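Examination of the molecular architecture
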Amino acid sequence: MAKYIFVTGGVVSSLGKGIASSAIGTLLESRGLKVTIQKLDPYINIDPGTLNPFEHGEVFVSDDGAETDLDLGHYERFTSMRSSKANNATTGLIYNSVISKERRGDYLGKTVQVVPHITNEIKSAIKALSNGNDVVIVEIGGTIGDIESLPFLEAIRQMRYDIGKEGVLYVHLTLVPYIPSADELKTKPTQHSVKELRAIGIQPDVLLCRCDRPLPLDLKRKIALHCNLDVEAVIGAIDVETIYEVPFELHSEGIDSLIIDRLGLKKSEPDLGKWKEVVRRIKEPKSEVTIALVGKYIGLKDAYKSLVEALTHGGIANESKVLFQWIDSEQINEIGPERFLSEVDGILVPGGFGQRGIEGKIEAIRYSREKKIPFLGICLGMQCAVIEFARNICDLKGANSTEFDINTPYPVIYLMEKWYDFRTGKVEVRSHDSDKGGTMRLGSYPCSLKEDTHAYNAYNVFELSERHRHRYEFNNDFMDVLTANGLIISGTSPDGKLVEIVELKAHPWFLGCQFHPEFKSRPTNPHPIFTDFIKASLTERRALFQYVGEPLADKYFDDSESL
């Protein structure tokens, strides 16, 4: 039977419950346990798919097409789990399921209430992940005291009584702030947070105390006394240079041994060798490279969370530090690209939706093409690359996507209304009038590669599968004119009807992909496209500045630091 670890947060939001849950998963996996992680979100949306990125950050996509919370990206990057629809549930999803059952008569006319009907539905969603896993880690979104989280907290409170205390462990993440004027770490916020949690019936078994410096033993004893805990259950969660150090920090505090003992799990020594190498490469880069990220949501960096991590992973593969130049595409449209892009080593245009900032992205792509700067376009970035090429190389003036101009004379990107879904084996039909949440190609789809291309050289395979999240497609009616002028179609669906990857002949490295490769990149297994893109950008940097890649350890690494 699977054991359950429930992770809650208090005091303030954004303390890092997702990273903490992921790091715990890393440590348990390193001891040979099979782990999966679930996120329970309190908002009423069915999923984050229709939320503006400024509202909720990135939408992470699973193989089975679930649009999920960005924390699932952390779960996948830190562990070997592959998420599915079952790994993310929201208040909206839970209530929708209960109301549907009530309408069908499943409750036999009984009054439907939060307890037991909503809480039972939540518990069912949690228990659905138990098969085949030794440990199920469940992160509860929001902060203790939020009214929206109460049904989830009540459900996990009941879990200990349903399956016994030996099968459930509660981890609570709080803040221990440092007050400069008093020169002290203050424990009172943590005490109040635990008091709030205990008031709804949950006594935490482990406290993760987020702080910017080591937590002294006397403060641990004080927290333990006031929060009804053993001293060893008060764990310091100290700020670190890179998130991939968090497992080492928590391991040094003994959290994995504590969890193993409390839940009666099999004991074995942790193997963190590959993670040590990841951290070493991050802290001891042999070179550095500057990548311009030209987007429309740069006001919230979480909108590109997986993308930033995937670029970092590409840097890890090349033992290079990746520096980011965040550029608002609207500013490029107003001022021009030269001011922003003249000193970068590579240019990346990410995905997105809507017309705002599109012309700036197209101008950035034109600059990359003309100046021979390595370019990677993802999803909308690929579509903008096709539009730019059609306008400026093929002389198709006014070429556009029907997403931005329904009356364009050259719809090189358009809404494909009927196509064969290789994943489901069905013909899919959609239109401009379909619900926004139901018109996208979502999840993993197969792709066939053309030999002797950047794509093939990166992957070194002919068949692959990548995750998608988009509505609009490359219009095959324009394939002949585009390819005749130098556009390379290097990746398509197996039947050749859906274009997945485009490249340019007369360019050192220029690639656009319809899918989102960032969703499958891992620090221990960097994605080949990002690895190749960073490699090409490093080559460009060295060509321009005669950079020979001397070690930067003195600048970026302090030998006194240790894992």
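Residues numbered from 1 in each chain as written. Predicted model: local features only at pLDDT ≥ 70, side-chain atom pairs only at ≥ 80, totals over all residues. Heavy atoms only, no water.

With that settled, consider the sheet that holds strand S23 (residues 487-492). Pairing is mixed across the open sheet formed by nine strands, whose spatial order is S13-S12-S14-S15-S25-S24-S23-S20-S21. If you trace the sheet from one side to the other, it starts and ends with strand S13 (320-328) and strand S21 (463-470), each paired once. Averaged over all neighbouring strand pairs, the angle between strand axes comes to 25°, with direction disregarded. On the sheet, helix H16 (residues 380-392) packs against strand S14 (346-349), strand S15 (375-378), S21, S23, strand S24 (499-504) and strand S25 (510-513) and is oriented at approximately 115° with respect to S15. (Pairing = 2+ DSSP bridges. Helix = DSSP H or I, 4+ residues; strand = E, 2+ residues; numbered from the N terminus. Axes fitted to C-alpha atoms, helices over the stretch in contact; angles between N-to-C directions. Contact = heavy atoms within 4.5 Å.)

This part is about the packing of helix H7 (residues 188-199) against helix H8 (residues 217-227). One can describe the packing of H7 onto H8 by two numbers: an axis separation of 10 Å at closest approach and a directional angle of 25°. On the basis of their axis angle, the class for H7 and H8 is roughly parallel. Read as a crossing pair, H7 and H8 show a hand that is right-handed. Across the interface between the two elements, Thr 190, Gln 191, Val 194 and Arg 198 of H7 pack against Lys 222, Ile 223, His 226 and Cys 227 of H8. (Parallel < 35°, antiparallel > 145°, perpendicular 65-115°, else oblique. Left-handed = near helix turned anticlockwise from the far one by under 90°.)

Below, the discussion takes up the environment of Ile 137. By the element assignment, Ile 137 lies in strand S6 (residues 135-140). Each C-alpha atom of the pair Ile 137 and Tyr 75 lies 10.0 Å from the other, and the pair is 62 residues apart in sequence. Every residue in contact with Ile 137, bar those within four places of it in the chain, is listed here: Ile 5, Val 7, Ser 21, Ile 24, Gly 25, Val 35, Thr 36, Ile 37 and Gln 38.

This part is about the pairing of S23. Counting buried positions along S23 gives six out of six residues, so the element sits mostly inside the fold. Relative to S24, S23 runs antiparallel, the two being bridged by five bridges. Residue pairing in the sheet places Leu 487 in a bridge with Leu 504 of S24. Taking the residues that link successive antiparallel strands as the turn, the S23-S24 hairpin has six residues, and the phi of Gly 496 there is positive, at about 80°. (Buried < 20%, exposed > 50% of the residue type's maximum accessible area, 1.4 Å probe, protein only.)

The next thing to look at is the pattern of salt bridges. For the structure shown, the criterion picks out 38 salt bridges. When the shortest N-O distance is used, the salt bridge between Arg 469 and Glu 67 registers 2.7 Å. Placement of the pair is Arg 469 in strand S21 and Glu 67 in strand S4 (residues 67-68), with a sequence separation of 402 residues. The two residues Arg 469 and Glu 67 agree in class, both being buried. The partner of Glu 76 in a salt bridge is Arg 522, and the shortest N-O contact between them spans 2.4 Å. Of this pair, Glu 76 sits in helix H3 (residues 71-78) while Arg 522 sits in the loop between S25 and helix H19 (528-545), and the two are 446 residues apart along the sequence. (Salt bridge = Lys/Arg side-chain N within 4 Å of Asp/Glu carboxyl O.)

Per the stated rule, a full pass over the model turns up 13 aromatic pairs. Ring geometry for Tyr 410 versus Phe 478: centroids 6.4 Å apart, planes at 85°, classification edge-to-face. With Tyr 410 in the loop between strand S16 (400-401) and strand S17 (411-414) and Phe 478 in the loop between strand S22 (473-474) and helix H18 (479-484), this pair connects stretches of sequence that are 68 residues apart. Using a relative accessible area of 13% as the deciding quantity, one classes Phe 478 as buried. Above the plane of the ring of Tyr 178 lies Arg 213, whose end atom (NZ or CZ) is 3.5 Å from the centre. Taking NZ or CZ as reference, Lys 301 lies 5.0 Å from the ring centre of Trp 326, over its face. (Phe/Tyr/Trp six-rings, centres within 6.5 Å; stacked < 30°, edge-to-face > 60°. Lys NZ or Arg CZ within 6 Å of the ring centre and 35° of its normal.)

A separate point is the nonpolar core. Formed by 59 residues in total, the largest nonpolar core has its most connected members in Ile 5, Leu 28, Leu 215, Leu 250, Ile 255 and Ile 259. Among the elements that line this core, the one with the most residues is helix H1 (residues 17-29), at six residues. For Ile 259, the residues in contact, after removing those within four places along its chain, are Ile 5, Ile 24, Leu 28, Leu 169 and Leu 265. (Core = buried A, V, L, I, M, F, W, Y, C linked by side-chain atoms within 4.5 Å.)

Counting through the fold element by element, Ile 99 comes out in helix H4 (residues 91-104). Spatially, the C-alpha atom of Ile 99 lies 19 Å from that of Asn 88, the residues being eleven residues apart in sequence.

Our focus in this paragraph is the pairing of S15. Here S15 shows two buried faces, one formed by Phe 375 and Gly 377 and the other by Leu 376 and Ile 378. Examined bridge by bridge, S14 and S15 share three bridges and lie parallel to one another. Directly across from Val 349, in S15, lies its bridge partner Gly 377. Where the polypeptide runs from S14 across helix H15 (residues 358-371) and back to S15, its parallel neighbour, the crossover connection is right-handed. One ladder, built from four bridges, connects S15 with S25; its direction is parallel. Its bridge partner being in S25, Phe 375 is matched across the sheet by Phe 510. (Right-handed = clockwise from strand over helix to strand, strands pointing away.)

As for its position among the elements, Tyr 459 is in helix H17 (residues 454-459). Looking at Tyr 459, the relative accessible area reads 13%, which means it is buried. Separated by 68 residues in sequence, Tyr 459 and His 527 place their C-alpha atoms 8.8 Å apart. Apart from residues lying up to four places away in sequence, Tyr 459 is in contact with Leu 449, Leu 464, Glu 466, Phe 515, His 527, Pro 528 and Ile 529.

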